[in-house]
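Next come the chains, spelled out residue by residue.
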2 protein chains.
Amino acid sequence: MPDPFVLDGFLPYRVAVTAGRLSREFSRVYQERFGLSRAEWRVMAHLSQEAEVSVREIHARVDMDKSKVSRAATRLEEAGIITKRISDSDRRLVVLGLTDKGAVMMAELAEAAVAYHAQLIVRLGPGATAFLAGLEALGDADGTQRHAGHTGADQGQ
Amino acid sequence: MPDPFVLDGFLPYRVAVTAGRLSREFSRVYQERFGLSRAEWRVMAHLSQEAEVSVREIHARVDMDKSKVSRAATRLEEAGIITKRISDSDRRLVVLGLTDKGAVMMAELAEAAVAYHAQLIVRLGPGATAFLAGLEALGDADGTQRHAGHTGADQGQ
DNA sequence: CATGCTTCGATGCATGTGCAACGATCAGGC
DNA sequence: GCCTGATCGTTGCACATGCATCGAAGCATG
């Protein structure tokens, strides 16, 4: 993209479109199969990484407002997929954890995720490593700029 | 990402987070300066590429529901930034165009966009080309799978 | 022209979302 | 202990979003 503005080459635009497509593509797995929303899937995914995660941790690490995390957690709890309990060390914290039912679901989801990811790597071909490095570069650069509090802006949609 | 599922390495997740960050970062320009929403900015951006664009064209080319495009266009028209008129050749089509005021705005926005894009290229360093190729690969692969009508699913998050 | 089918854009409606409170809790100074 | 300020999660509210639907218009066939 030289001087004139060319939308099709504008990076935020292209990344957003790609993100939307990938997200939508994979969403079929958790939506059609388990009826999970995207927010719910993200909470589940975090729980698959660590047995117990607080709402705050999820909120801090990704593009999800804390109210979004909170509501997703409530829905998942009502569905018997996760548990919510007050932390012993800090009673302001709400600690989330998978139920047995949730663990079974997550195992299946993880399998599907790994398969989908492998498929994407194939699409990327030999440039996969460079692509990941690019994401890192963009993400880190942003991390450098952010500091105190957060801007309050919102999600990508 | 080998066998176990690792969220931090999951591509749809990483791309979505990066997209959100870039989008939010650049959104300050059009939000704080012109009070545009993201949807409105996208419509404007399309109009900067071609003098006249129909709602359909914007909807077809990106992750925007036609109702989203329609409403964004209505707001922009009310703000005196764009014009809407019925196409002569096909009276179902609504053709959008920038007003003088809109053109001035877009000129400034384009300048900011070009500057921001250049900044991102710097962040990417020598891997920029490979990163763009990766986006292409992911996007095209998806494009290969889509064919007749569209799935109906929309927008990310 | 008449008929049936498709496409475009707008709109009603239910739901999701971000943001700003708010209560509860914690940490620190005194 | 008491007070002040900060942090965490929830909730109210206004608004955006997606989806289904609708009317208007095109397009094809006869």
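Only a predicted model underlies this, so the values are computations on that prediction, with no experimental measurement involved.

(A) The arrangement of the overall build of chain A in detail. When helices and strands are counted, chain A shows 6 helices and 3 strands. Helices (α) and strands (β) of chain A occur, in sequence order from the N terminus, as α-α-β-α-α-β-β-α-α. The 157 residues of chain A split such that 46% are buried. For chain A, contacts bridging at least 24 residues in sequence account for 50% of all contacts bridging at least 6. Surface summary for chain A: the accessible area is close to 7800 Å², and the carbon and sulfur share equals 53%.

(B) Spotlight on the relation of the copies chain A and chain B. Under the fitted operation, chain A is carried onto chain B by 0.0 Å of movement along the axis and a turn of 180°, and the coordinates agree to an RMSD of 0.1 Å. Taken together, the rotation and translation describe the operation of a two-fold axis. A high fraction, 100%, of the interface residues of chain A reappear at the interface in chain B, so the copies pair face to face through one surface.

(C) Representation of the packing of aromatic side chains in the model. Taken as a whole and judged by the stated rule, the model has 17 aromatic pairs over all chains. Centre to centre, the rings of Trp41(A) and Phe10(B) are 6.2 Å apart; their planes meet at 70°, and the pair counts as edge-to-face. Here Phe10(B) lies in the segment before helix H1 (11–34) and Trp41(A) lies in helix H2 (residues 38–49), a pairing that spans two chains. Of the two residues, Trp41(A) and Phe10(B), neither departs from the other in class, the shared state being buried. Among the aromatic residues, those joined into a cluster by ring pairs are Phe5(A), Phe10(A), Phe26(B), Tyr30(B), Trp41(B) and Tyr116(B).

(D) Here's a closer look at the sheet that holds strand E3 (residues 94–98) of chain B. Residue and element names in this part refer to chain B. Overall, antiparallel pairing links the 3 strands, which are arranged E1-E3-E2 in an open sheet. Sheet topology places strand E1 (52–54) and strand E2 (82–86) at the edges, where each strand pairs with a single neighbour. When the angles between neighbouring strand axes are averaged without regard to direction, this sheet yields 30°. Where helix H4 (residues 66–78) meets the sheet, its contacts fall on E2 and E3, and the angle it forms with E2 comes to roughly 115°.

(E) Quick peek at the sheet that holds strand E3 (residues 94–98) of chain A. All names here are of chain A. The 3 strands lie next to each other as E1-E3-E2, forming an open sheet whose pairing is antiparallel. Each end of this open sheet is capped by a strand with a single partner; those strands are strand E1 (52–54) and strand E2 (82–86). In this sheet, adjacent strand axes meet at a mean angle of 30° when their direction is disregarded. Note: E2 against E3, 5 bridges, orientation antiparallel. Following the sheet pairing, Arg85 is matched in E3 by Val95. Against the sheet, H2 contacts E1, E2 and E3, and its axis sits at roughly 80° relative to E3. Packed on one face of the sheet, helix H4 (residues 66–78) meets E2 and E3 and runs near 120° to E2.

(F) The interface of chain A and chain B, seen in detail. Contacts between the two partners involve 67 residues from chain A and, on the opposite side, 67 residues from chain B. Carbon and sulfur atoms make up 62% of the surface buried where chain A meets chain B, a total of about 6500 Å² over both sides. The interface formed by chain A and chain B includes 4 salt bridges. Between Glu136(B) and Arg14(A) there is a salt bridge, with the nearest N and O atoms lying 3.2 Å from each other.

(G) Region of interest: the pattern of salt bridges. Summed over all chains, the structure comprises 16 salt bridges over all chains. Between Glu40(A) and Arg75(A) there is a salt bridge, with its nearest N and O atoms 2.4 Å apart. Of this pair, Glu40(A) sits in helix H2 while Arg75(A) is found in helix H4, placing the two residues 35 residues apart along the sequence. Accessibility expressed as a relative area gives 7% for Glu40(A), which makes it buried. Between Glu52(B) and Arg85(B) there is a salt bridge whose closest N-O contact spans 2.8 Å. Of this pair, Glu52(B) sits in strand E1 while Arg85(B) sits in strand E2, and the two are 33 residues apart along the sequence. Here Glu52(B) falls in the partly exposed class, since its relative accessible area comes to 43%. Residue Arg85(B) is classed as partly exposed on the basis of its relative accessible area of 35%. Linked by salt bridges that have partners in common, Asp8(A), Glu50(B) and Arg61(B) make up one network.

(H) Examining the confidence of the model for chain A more closely. Here chain A shows a mean pLDDT of 85. Residues at 70 or above account for 87%. Across residues 141–157 of chain A, where pLDDT falls below 50, the model places 27 contacts with residues more than four positions away in sequence or in other chains.

Criteria and thresholds
Residues numbered from 1 in each chain as written. Chains lettered and ligands numbered in written order. Predicted model: local features only at pLDDT ≥ 70, side-chain atom pairs only at ≥ 80, totals over all residues. Heavy atoms only, no water. Helix = DSSP H or I, 4+ residues; strand = E, 2+ residues; numbered from the N terminus. Buried < 20%, exposed > 50% of the residue type's maximum accessible area, 1.4 Å probe, protein only. Contact = heavy atoms within 4.5 Å. Areas by Shrake-Rupley, 256 points an atom, 1.4 Å probe, with all protein chains shown as cover. Least-squares fit on C-alpha atoms with pLDDT ≥ 70 in both. Phe/Tyr/Trp six-rings, centres within 6.5 Å; stacked < 30°, edge-to-face > 60°. Pairing = 2+ DSSP bridges. Axes fitted to C-alpha atoms, helices over the stretch in contact; angles between N-to-C directions. Buried area = accessible area lost by both parts, 1.4 Å probe. Salt bridge = Lys/Arg side-chain N within 4 Å of Asp/Glu carboxyl O. pLDDT = per-residue confidence, 0-100.

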